[in-house]
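Residue-level listing of the chains:
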Amino acid sequence: MVSSAATELEASANTLTTAAERSQQLATVVAAASEEASTNVQSVASASEELTTSVTEIGRQVQQSSQVANAAVNQARKTNDRVGELSK
């Protein structure tokens, strides 16, 4: 009876050891996946920051181009006016 109980206890202990080892393996896999996800989130954040910087720079350049175009239009008007005056 005691021998049988000891055998059952040993089998249960082996089962628990196997389950604990598997749990440890799964925890390691989950930790690695979590670290990879964290790295991916950081990469996305960095890319978003770069994109924001690029969009801001594009906006600044568009505004500057608009100012240059307006100046060119004004200069063209002045030139037309002068040409008109000279042709009188």
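The structure we're discussing is the one just above.
Parameters at a glance
- Residues numbered from 1 in each chain as written.
- Predicted model: local features only at pLDDT ≥ 70, side-chain atom pairs only at ≥ 80, totals over all residues.
- Heavy atoms only, no water.
- Helix = DSSP H or I, 4+ residues; strand = E, 2+ residues; numbered from the N terminus.
- Rg over C-alpha atoms; globule rule 2.2 N^0.38 Å.
- Buried < 20%, exposed > 50% of the residue type's maximum accessible area, 1.4 Å probe, protein only.
- Salt bridge = Lys/Arg side-chain N within 4 Å of Asp/Glu carboxyl O.

Q: Just to check I follow, could you spell out the overall build of the chain for this structure?
A: When helices and strands are counted, the chain shows one helix and zero strands. Its C-alpha atoms give the chain a radius of gyration of 38 Å, clearly above 12 Å, the size a compact globule of 88 residues would have. Reported as C-alpha extents along the three principal axes, the dimensions of the chain are approximately 130 × 10 × 10 Å. Taken over 88 residues, the chain has a buried fraction of 0%.

Q: Can you walk me through the pattern of salt bridges in this structure?
A: Should their charged atoms come close, side chains of opposite charge can pair. Scanning all chains against the criterion turns up one salt bridge. Measuring nitrogen to oxygen at the nearest pair gives 2.6 Å for the salt bridge that ties arginine 60 to glutamate 57. With arginine 60 and glutamate 57 both in helix α1 (residues 2-86) and three residues apart, this pair spans about one turn of that helix.

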